[in-house]
Amino acid sequence: MAKVRTGRVGEQIKKELSLILQTEFKDPRMGFTTITGVEMTNDLSQAKVYLSVMGSDQQREETLKALSRGNGFIRSELSKRVRLRIVPELIFQIDSSVAYGSRIEELIHKINEEKEHP
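Residues numbered from 1 in each chain as written. Predicted model: local features only at pLDDT ≥ 70, side-chain atom pairs only at ≥ 80, totals over all residues. Heavy atoms only, no water.

1. Quick look at the overall build of the chain
Piece 1. On a plain count of helices and strands, the chain comes out with 4 helices and 3 strands.
Piece 2. In the chain, the succession of α and β elements from N to C terminus is α-β-β-α-α-β-α.
Piece 3. A compact globule built from 118 residues would reach a C-alpha radius of gyration of about 13 Å, whereas the chain, at 17 Å, exceeds it by more than 25%.
Piece 4. Its C-alpha atoms give the chain principal-axis dimensions of roughly 65 × 40 × 20 Å.
Piece 5. Per-residue burial for the chain yields a buried fraction of 30% across its 118 residues.
Piece 6. The long-range share in the chain, meaning contacts at least 24 apart out of those at least 6 apart in sequence, stands at 63%.
Piece 7. Each charge class in the chain can be summarised by its mean position, and for the 19 positive and 17 negative side chains these summaries are 9 Å apart. (Helix = DSSP H or I, 4+ residues; strand = E, 2+ residues; numbered from the N terminus. Rg over C-alpha atoms; globule rule 2.2 N^0.38 Å. Buried < 20%, exposed > 50% of the residue type's maximum accessible area, 1.4 Å probe, protein only. Contact = heavy atoms within 4.5 Å. Lys, Arg positive; Asp, Glu negative; His and termini not counted. Charge placed at Lys NZ, Arg CZ, Asp CG, Glu CD.)

Okay, here's the thing in structure tokens:
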């Protein structure tokens, strides 16, 4: 039962964080960011937020710095939108699975081209 609630709360936080980053959070260091997932602890005290950032490694680092500096603002906005007794601590991490998946897709496409045109 607890897993169901943490999943629902995580999805709601993901949705609201996406809206906050698009509309409210204005930082010039932010790159093109997509929230790929939110993983909650069982007691809902922490949320790992996985991000996909388009651009170089330097842009990814700048985006993480901007998010960590604006963590208080983001949590306060989140508390206005999500009705929880305690707003979870947000831990931002880069999600490399999207880049990994596109690299695998590129390799498969390359192999298929080599099979067609030896």
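2. A short note on the side chain of T6
Piece 1. Mapping T6 onto the fold places it in helix 1 (residues 2–24).
Piece 2. In this structure T6 touches M40, T41, N42 and L44, once residues within four positions along its chain are discounted.

3. Observations concerning the side chain of D95
Piece 1. The residue D95 is located in the loop between strand 3 (89–94) and helix 4 (97–116) in this model.
Piece 2. Buried charged residue D95 carries no salt bridge. Nearest counter-charge: K14, at 8.8 Å.
Piece 3. A distance of 2.7 Å separates the side chain of D95 from the side chain of T36, its partner in a polar contact. (Salt bridge = Lys/Arg side-chain N within 4 Å of Asp/Glu carboxyl O. Polar contact = N/O pair within 3.5 Å; in protein donor to acceptor, adjacent residues only side chain to side chain.)

4. Some remarks on the pattern of salt bridges
Piece 1. Counted according to the given criterion, the structure contains 5 salt bridges.
Piece 2. R81 serves as the salt-bridge partner of E24, at 3.7 Å between the closest nitrogen and oxygen. Placement of E24 in helix 1 and of R81 in helix 3 (residues 71–81) is noted, with a sequence separation of 57 residues between them.
Piece 3. Judged by its relative accessible area of 36%, E24 is partly exposed.

5. Regarding the packing of aromatic side chains
To describe a pair of aromatic rings, one takes the distance between the centres and the angle between the planes.
Piece 1. Following the criterion strictly, the structure yields 1 aromatic pair and no others.
Piece 2. Each ring, one from F25 and one from F73, has its centre 6.3 Å from the other, and the planes form 25 degrees; the classification is stacked. Linking F25 in the loop between helix 1 and strand 1 (32–40) with F73 in helix 3, this pair joins segments that are 48 residues apart in sequence.
Piece 3. For F25, a relative accessible area of 9% translates into the label buried.
Piece 4. For F73, a relative accessible area of 35% gives the class partly exposed. (Phe/Tyr/Trp six-rings, centres within 6.5 Å; stacked < 30°, edge-to-face > 60°.)

6. Overview of a nonpolar patch on the surface
Piece 1. A contiguous nonpolar surface patch, about 320 Å² in accessible area, is contributed by Y100, I104 and I108.
Piece 2. Considering the arrangement of structural elements, one finds I108 in helix 4.
Piece 3. According to the relative accessible area criterion, I108 is partly exposed, its value standing at 48%. (Patch = residues over 30% accessible without salt bridge, like charges linked within 9 Å, V, L, I, M, F, W, Y side chains within 5 Å. Areas by Shrake-Rupley, 256 points an atom, 1.4 Å probe, with all protein chains shown as cover.)

7. Brief notes about the sheet that holds strand 1
Piece 1. Across the sheet, which stays open at both edges, the 3 strands sit in the order 1-2-3 with mixed pairing between neighbours. The open sheet has two edge strands, strand 1 and strand 3, and neither has a second partner. In this sheet, adjacent strand axes meet at a mean angle of 30 degrees when their direction is disregarded.
Piece 2. Of the strand pairs in this sheet, strand 1 and strand 2 (residues 46–54) are connected by 8 bridges, and their pairing is antiparallel. Counted as the bridge partner of F32 is M54 from strand 2.
Piece 3. Helix-sheet contacts for helix 2 (residues 57–69) involve strand 1, strand 2 and strand 3, and the interaxial angle to strand 2 is about 145 degrees. (Pairing = 2+ DSSP bridges. Axes fitted to C-alpha atoms, helices over the stretch in contact; angles between N-to-C directions.)

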